[in-house]
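In case you want the letters, here they are:
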Amino acid sequence: MSEPSVGAGLPTMEFHPIFYLYSILQWILDKLFSPTPPPPHARLHRPRIAIIGAGLTGVSSASHCVGHGFDVTIFEADDEKSLGGIWTKVNNTSGLQIHSIMYRFHPSVKWSSGYPDRQQIVSQITQLWKRYGLQERTKFNTKVTSVRQDKQGRWIINDPSNGRFDGVMAAVGSCGNPKIPYIQGQEDFKGEIYHSSKLDGKTARGKKVLIIGGGASAVEALEFVVHTGAKSTSVLARSDKWIIPRNAFVDTLLAFNIFGQETVFSWIPESLLRIFFYRDLDDLAPSTRTKGLFTETPMVNSDIFYQIHEGKAEWLRGDIQGLTENGIRFNHRAKGVPKGGPGREDMVQGDMVIMATGYQRPSLAFLPDEVFQKPYQPPNWYLQVFPPEHMSICANNCTYVNAIGTVGNYHIGIYTRLLLMFLVDPLARPQEYWMKRWIDMTKTIKSFAPTGAFDFFTYSELIYWFAFCVVINPFRWKWALFVFFGIGSVLPLNVVKGEDRLRNGLGMWKRYHE
């Protein structure tokens, strides 16, 4: 039998009316949309999917596949301690910056708080992995270096000893090993230097902390600083970045920009943020002449402004010139001046440096060479994740660049079910020509965007992509409930079998189903 969810029945939460309603909502979502876990050692049928990566996306995709009766094998480069992906590499003080209602990477997930910490997130991923019996379908310490097709079009992962697969789900994510740049003079610095992901067991109590970087890793560093009681904190940001409040309602409203780019109305949310969130710290907001809100992933944090107002932190815009014994030589730039531009150099004193410099992007080089041919290289793929040359490959959450939304939500299941639909229904499959035309159309629609068409999107734009994909082909209509909600896979499969019998009877072509 599968392992039960956190807390039998309704999840346990601190008793609060809103939390109680949230727990009921999670219970309902689980009952309505979670696919039934297969019995232990069940023999599942084709198509067989190879899933590369055992992080949040890989485990969620695999659970959807087996829950709908399709076999999978998960290939993970590291050992079982890495189950959970990037969340196994961050600090224990790290947690979600967005509300957990926007981080429902599987319908059966049950959060016990609005902003769960790292341990709870990894626990939910692990429980999902066990609940769907994925232990026997996971190969740890197996780095994927090659994905190629045999003469029958089946996929071989590394070598034939791993079996053959009908589809490939690349789920290596967008964050790999910590990125630690060398800074001139760092060997002279008398204090401590750490990457933002390596702070467990350390303390900043009573220290002047210098955080290099202003993105999501800076949030991780700020959490550590707040928890351990630093004397002061200076965030040294090379590039301007929008900061939005840690508020589910506000974050959802911003994701409703279905155009996925700057528009003539973008000044409205930008002005509201300046007036009601930045307030007297408006100088920290990016210049709209150089960077609009809908061009890059914003930083989600409500603590930094509080820390600044309390005199415990400062946010400095400029360039790192080098480290000295007692701090950092820093070139302060005025608002709107580009990186490396003129400014005023001085010394920022500190005795601890935290490199909030992010993570290296995992490589997709194991995929066939033809999927990287210009102009249809990632992220310029069909629905951003399907290379036009091979609709049987889905790079779920791997080609993400910037967005307002979340990488850990229902789209993981939708992408997975789209892949299953393409594999089992010949008439629902996208052809290479039309996949490329959709890419060209999206580029045209977003031709005035300051970023590339697929370099930034919002969650509502993503939902529009999904809807367009299903509506444009009448043979996909029967799959709509399955694709969007995981409901009714039996009916469309039976229709497909009937269509196959009709085509076979007419001598058009034959497709094998199991």
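Residues numbered from 1 in each chain as written. Predicted model: local features only at pLDDT ≥ 70, side-chain atom pairs only at ≥ 80, totals over all residues. Heavy atoms only, no water.

### Structural notes on the overall build of the protein chain
Then comes step 1: Helices and strands together make up the secondary structure of the protein chain, namely 12 helices and 19 strands.
Then comes step 2: C-alpha atoms of the protein chain, sized along the principal axes, occupy 80 × 50 × 50 Å.
Then comes step 3: When burial is assessed residue by residue, the protein chain has 55% of its 514 residues classed as buried.
Then comes step 4: Once local pairs closer than 6 in sequence are excluded, the contacts in the protein chain between residues at least 24 apart make up 70%.
Then comes step 5: Surface exposure of the protein chain reaches about 22,900 Å², of which carbon and sulfur atoms provide 58%.
Then comes step 6: Positive and negative side-chain charges in the protein chain, numbering 55 and 46 respectively, have mean positions lying 5 Å apart. (Helix = DSSP H or I, 4+ residues; strand = E, 2+ residues; numbered from the N terminus. Buried < 20%, exposed > 50% of the residue type's maximum accessible area, 1.4 Å probe, protein only. Contact = heavy atoms within 4.5 Å. Areas by Shrake-Rupley, 256 points an atom, 1.4 Å probe, with all protein chains shown as cover. Lys, Arg positive; Asp, Glu negative; His and termini not counted. Charge placed at Lys NZ, Arg CZ, Asp CG, Glu CD.)

### Observations regarding the nonpolar core
The nonpolar side chains of soluble globular proteins are, as a tendency, buried together.
Then comes step 1: Residues I211, F386 and L418 are the most contacted members of the largest nonpolar core, which totals 109 residues.
Then comes step 2: Residue contributions to this core peak at 10 residues, all from helix α8 (residues 411-424).
Then comes step 3: In this structure, V147, A170, I393 and C398 belong to the second largest nonpolar core, which totals 18 residues. (Core = buried A, V, L, I, M, F, W, Y, C linked by side-chain atoms within 4.5 Å.)

### A short note on the side chain of E76
Then comes step 1: Relative to the helices and strands, E76 resides in the loop between β2 (70-75) and α3 (118-131).
Then comes step 2: One buried charged side chain, E76, makes no salt bridge at all; its nearest oppositely charged neighbour is K89, positioned 7.0 Å away.
Then comes step 3: In this structure the side chain of E76 is engaged in a polar contact, spanning 3.0 Å, whose partner is the backbone nitrogen of D78.
Then comes step 4: Residues in contact with E76, not counting those within four places in the same chain, are G53, A54, S82, K139, F140, N141 and T142. (Salt bridge = Lys/Arg side-chain N within 4 Å of Asp/Glu carboxyl O. Polar contact = N/O pair within 3.5 Å; in protein donor to acceptor, adjacent residues only side chain to side chain.)

### Observations regarding the packing of α8 against helix α10 (residues 459-471)
Then comes step 1: Direction vectors running N to C along α8 and α10 enclose 20 degrees, while the axes themselves pass 12 Å from each other. Here α8 is positioned roughly parallel relative to α10, judged by the angle of their axes. In this structure, α8 crosses over α10, and the sense of that crossing is left-handed. Contact residues: H411, I414, Y415, L418 and F422 in α8; Y459, L462, F466 and C469 in α10.
Then comes step 2: Classifying every residue of the contact of α8 with α10 gives 8 nonpolar, 1 polar and no charged. (Axes fitted to C-alpha atoms, helices over the stretch in contact; angles between N-to-C directions. Parallel < 35°, antiparallel > 145°, perpendicular 65-115°, else oblique. Left-handed = near helix turned anticlockwise from the far one by under 90°. Nonpolar A, V, L, I, M, F, W, Y, C, P; charged D, E, K, R; others polar.)

### Some words on the pattern of salt bridges
Then comes step 1: With the rule as written, the count across this model stands at 22 salt bridges.
Then comes step 2: Its salt-bridge partner being E136, residue R137 comes within 3.5 Å of it at the nearest N-O pair.
Then comes step 3: Close ionic contact of K446 with E461 constitutes a salt bridge, the shortest N to O distance being 3.2 Å. Of this pair, K446 sits in the loop between α9 (432-445) and β19 (456-458) while E461 sits in helix α10, and the two are 15 residues apart along the sequence.
Then comes step 4: Taking the relative accessible area as the measure of exposure, K446 reaches 3% and is therefore buried.
Then comes step 5: Connected through shared salt-bridge partners, R48, D71, E136 and R137 make up one network.

### Concerning the environment of P17
Then comes step 1: Among the structural elements, P17 can be located in helix α1 (residues 17-33).
Then comes step 2: Given the relative accessible area of 56%, P17 is considered exposed.
Then comes step 3: Separated by 164 residues in sequence, P17 and P181 place their C-alpha atoms 47 Å apart.

### Thoughts on the sheet that holds strand β1 (residues 45-52)
Then comes step 1: The 5 strands lie next to each other as β3-β2-β1-β7-β17, forming an open sheet whose pairing is parallel. The open sheet has two free edges, formed respectively by β3 (138-139) and β17 (393-394), since each of these has just one partner strand.
Then comes step 2: Here helix α2 (residues 56-67) sits on the sheet in contact with β1, β2 and β7 (167-170), set at roughly 160 degrees to β2. (Pairing = 2+ DSSP bridges.)

### Considering the pairing of β2
Then comes step 1: Most of β2 sits out of view: 6 of its 6 residues are buried.
Then comes step 2: In β2, alternate side chains face the same way, and those of F70, V72 and I74 on one face and D71, T73 and F75 on the other are all buried.
Then comes step 3: Relative to β2, β1 runs parallel, the two being bridged by 5 bridges. Of the residues in β2, the one forming a bridge with I52 is F75.
Then comes step 4: Running through α2, the crossover from β1 to the neighbouring parallel element β2 is right-handed.
Then comes step 5: Where β2 lies against β3, 2 bridges are found, and the strand directions are parallel. Each bridged residue has a counterpart across the sheet, and for F75 the counterpart in β3 is K139.
Then comes step 6: Between the parallel elements β2 and β3, the chain passes through α3 in a crossover that is right-handed. (Right-handed = clockwise from strand over helix to strand, strands pointing away.)

### Overview of the confidence of the model for the protein chain
Then comes step 1: Overall, the prediction assigns the protein chain a mean pLDDT of 90, with 93% of residues at 70 or greater.
Then comes step 2: Confidence drops under a pLDDT of 50 for residues 1-14, and excluding neighbours within four residues, the segment shows 34 contacts in the predicted structure.
Then comes step 3: Confidence drops under pLDDT 50 across residues 508-514; counting only partners more than four residues distant or on other chains, this segment forms 16 contacts. (pLDDT = per-residue confidence, 0-100.)

### Quick look at the side chain of D240
Then comes step 1: By the element assignment, D240 lies in the loop between β10 (232-237) and β11 (243-244).
Then comes step 2: A relative accessible area of 13% means that D240 is categorised as buried.
Then comes step 3: For D240, the side chain forms a polar contact with the side chain of R317, separated by 2.5 Å.
Then comes step 4: Apart from residues lying up to four places away in sequence, D240 is in contact with P286, K291, E296, R317 and G336.

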